[in-house]
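Here's the letter readout for the chains.
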Amino acid sequence: MKTRIAAVLMAGALALSACASSNPLGSASAAPSGSPTAGGATTTLVVGSQQYYSNEIIAELYAQALEHNGFTITRQYQIGQREVYLPELQSGKIDVFPEYSGNLLQYLDKTSTAKTAAEVNAALPAALGSALRPLTAAAAADQDSYNVTKANADKYGLATIADLAKVGDSIKVCANSELEKRPYGPTGLKNDYGLNVEVIPVEDSGGPLTVKALKDGKCDTADIYSADPSIASNDLVTLSDPKALILPQNVVPVVSAKVNEQAAAVIDKVGAALSTDELVALNALSVAEQQSSAVIAKGWLTAKGLLS
Amino acid sequence: MNYFTQALAWIADPENLHGDGGLLARSWEQIWYTLLAVLVASVIAIPLGYLVGHTGRGRGLVVATSGAARALPTLGVVTLVGLIFGIGLFAPMVALVLLAVPSVLAGAYAGVEAIDPRTKDAARSMGMSEWQVLTKVEIPLGLPLLIGGLRSATLQVVATATLAAYVGAGGLGRFLFLGLKTQDYPQMLAAALLVMVIALILEGAYELAERQAAQRLRTH
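Conventions used here
Residues numbered from 1 in each chain as written. Chains lettered and ligands numbered in written order. Predicted model: local features only at pLDDT ≥ 70, side-chain atom pairs only at ≥ 80, totals over all residues. Heavy atoms only, no water. Pairing = 2+ DSSP bridges. Helix = DSSP H or I, 4+ residues; strand = E, 2+ residues; numbered from the N terminus. Axes fitted to C-alpha atoms, helices over the stretch in contact; angles between N-to-C directions. Expected span 1.5 Å × (residues − 1). Buried < 20%, exposed > 50% of the residue type's maximum accessible area, 1.4 Å probe, protein only. Arc of directions from axis to C-beta. Contact = heavy atoms within 4.5 Å. Buried area = accessible area lost by both parts, 1.4 Å probe. Salt bridge = Lys/Arg side-chain N within 4 Å of Asp/Glu carboxyl O. Phe/Tyr/Trp six-rings, centres within 6.5 Å; stacked < 30°, edge-to-face > 60°. Lys NZ or Arg CZ within 6 Å of the ring centre and 35° of its normal.

A. The sheet that holds strand β6 (residues 170–175) of chain A, seen in detail. Residues and elements named next belong to chain A. Pairing within the open sheet is mixed, and its five strands lie in the order β7-β6-β8-β5-β9. Each edge of the open sheet carries a strand with a single partner, namely β7 (196–201) and β9 (236–238). Going from strand to strand, the sheet's axes swing by 40° on average, the running direction of each strand aside. With six bridges joining them, β6 and β7 adopt parallel strand pairing.

B. Looking closely at helix α4 (residues 59–71) of chain B. Residues and elements named next belong to chain B. Here α4 is 13 residues long and its end C-alpha atoms lie 18 Å apart, about the 18 Å a rise of 1.5 Å per residue gives. When α4 is considered as a whole, its buried residues turn out to be Val62, Ser66 and Ala69. Looking straight down α4, one finds that the buried residues subtend no more than 50° of arc, so they occupy a single side. Residues of α4 that are exposed and angled more than 90 degrees away from the buried face: Gly60, Ala64 and Ala71. Where α4 is buried, its residues contact α3 (23–55) and α6 (90–113).

C. Up close: the interface of chain A and chain B. If you look at the interface, chain A gives 21 residues, while chain B gives 18 residues. Summed over both partners, the interface of chain A with chain B buries about 1600 Å², with 60% contributed by carbon and sulfur atoms. Joining chain A to chain B, the criterion identifies two salt bridges. Where Glu180 of chain A meets Arg174 of chain B, a salt bridge forms, and the shortest distance between an N and an O atom there is 3.7 Å.

D. Expanded view of the packing of aromatic side chains. This structure, assessed with the given rule, holds seven aromatic pairs over all chains. On the numbers, 5.4 Å between centres and 80° between planes, the contact of Tyr52 of chain A with Tyr53 of chain A is edge-to-face. Judged by centre distance (4.9 Å) and plane angle (65°), the ring pair of Phe85 of chain B and Phe90 of chain B falls under edge-to-face. Taken together, the aromatic side chains of Tyr52, Tyr53 and Tyr225 of chain A make up a single cluster linked through ring pairs. Between Lys110 of chain A and the ring centre of Tyr107 of chain A, over which it is positioned, the NZ or CZ distance is 5.4 Å. Here the basic side chain of Lys243 of chain A rests over the ring of Tyr193 of chain A, its NZ or CZ set 5.5 Å away from the ring centre.

The structure is reproduced here in C-alpha cells:
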C-alpha cells in the first residue's frame with residue numbers, strides 16, 4: 001500500500017515537473033526557423049505583445065503588415081511583464097515586439113542617464129545587446145503624463161508641471177502606488193519643479209477610477225498615459241514637462257536576428273505612419289467601440305495604404 | 001526561501017514598521033476594515049437569517065440571492081461602485097459586505113433551522129410566544145452555527161480587504177500593489193504574511209468564542 005501511494009505521488013510529481021518545464025511558448029519555438037530567404041515567404045516570425053490593449057494593437061499592425069508582405073506570423077499576445085517576455089525575445093522565441101523606448105532602456109540599463117528621446121534611442125542598441133536590435137522609433141509616444149481638469153487649468157492658469165505650484169503648497173497626485181518609487185514621481189517633482197507631492201494611490205494605471213478621482217477633486221493632478229483616449233474624452237489638460245523629467249516612451253519595435261532587412265523595412269513603414277494622435281485614435285477604437293485589435297489594425301493599415 | 005527571509009527582514013525593519021504608512025498602521029486598517037465589513041454584514045444578515053429560519057419562508061430566494069452575491073468578482077464590484085461614488089473606503093466596503101453577507105446569513109438561518117422541531121414545539125406548548133421561542137430557544141441554540149458563519153465570513157473578508165488599496169483606501173494591500181508593480185517581491189510577501197497572521201489571530205478568537213458557545217449550551 002505504501003509503495004503504491006509513493007508511486008502515485010511520484011507520478012504526480014513527475015507530471016507537475018513536466019508541466020513546469022514545458023514552455024508555454026513551445027509552439028512558437030517549434031515553428032520552422034527557416035533562414036531568411038530573399039523573398040521572405042518561408043520565414044515564420046513570432047510577434048509578441050504586452051498585456052496592454054494598446055500594445056497589442058501595435059503588435060497587430062506589425063503582424064498584418066508582415067503577413068501582407070508574405071511572412072508567416074505566429075502571434076503571442078498578452079504576455080504580462082517585461083521580465084517575462086524579454087528573456088523570450090533574447091532566446092529567440094519571439095522575433096518582433098513593440099516596446100516603449102524609455103522604460104525599456106531603464107529596464108536594461110538602470111544607470112542610464114539618457115533623458116531626451118534622441119538620447120534614449122541612441123542608447124538602446126548597446127543596451128539590447130547582440131541578440132536583439134531596435135528598429136526606428138515611431139513618433140508615437142505613450143508615456144506617463146500629468147493631467148489636470150480643464151476647469152482647474154483655466155482657474156489657476158496651468159500649462160506646465162511647474163504651474164502646479166499655483167494650486168497650493170502640497171499637491172495631490174492620483175496614480176498607481178509605484179509612482180512613489182519612480183524617478184519622475186515625488187522625488188523628481190521636488191528636485192526639478194520644487195513641488196511637494198503626495199501620491200493618492202489608485203491602482204488602475206490611469207484608468208477610469210483615476211480619471212473619476214481627478215474630476216471629483218480628490219487630487220490636483222493625475223498620472224495618465226499620454227496615448228489614453230480618456231484625456232481628450234474627459235476634457236483633461238496635459239501639463240507640459242519643460243525639464244524633461246518624464247522619460248520619453250516612443251514606440252520602438254525590438255526585433256531578433258531572424259527579422260531580415262525586408263521585414264524590418266515593412267515594420268519601419270508602419271512605425272513611420274504612427275504618430276501619437278494616430279495611436280490615440282487607434283486606442284479610442286478599442287476603448288470606445290470595443291473593436292478587436294485585428295479589426296482596428298486592418299482598418300488603419302488599409303487607410304494608410306500599407307496593405308495595397 | 002530567500003524571499004521568505006527577505007520578507008521577514010522587511011517586516012522587522014523599523015522604517016517599514018512605524019509611521020503613517022507603516023506596516024502597523026496598515027495592519028490596523030486591515031483589521032478595522034474587516035471588522036467593520038463583518039459588522040455591517042451582520043446587521044443586514046442576522047435578522048434576515050433569523051426571519052428565514054424562524055418562519056421557514058423565503059428560504060429559496062434568500063439562498064439563491066446570497067449565493068449569487070458570493071459569486072460576484074470583488075474587484076469588479078470595487079471598480080463599479082468606485083466609478084459611481086469615487087475613490088475611498090466606500091467602494092471596497094460595499095464589496096466586502098457583499099462578500100460577507102452570504103456566510104453570515106447561512107450561519108444565522110442554518111442555526112435556527114437545525115434545531116429539533118420538537119424542542120420548538122415544546123417551547124410553544126409551555127406557552128412561549130413566537131418572540132420568546134426565537135430569543136430564548138432558537139437564537140441560543142443556533143449560536144454555534146452563527147459563529148461558524150461569522151468565522152468564515154471574517155476569513156474571506158480579511159484576505160479580500162487588501163483590495164481596499166485599489167481605490168486608495170489603504171490597508172495591507174498597499175504593499176501588495178506597490179511590491180507587484182516595482183518587482184519588490186519581499187515586500188509583497190511581507191504583506192501577505194501579515195494578512196495571514198491577522199487571519200490566524202481572528203481564527204483563534206473565533207475558536208475561543210465557538211468553544212464558549214458550545215460550553216454554555218452543554219451547561220444549560
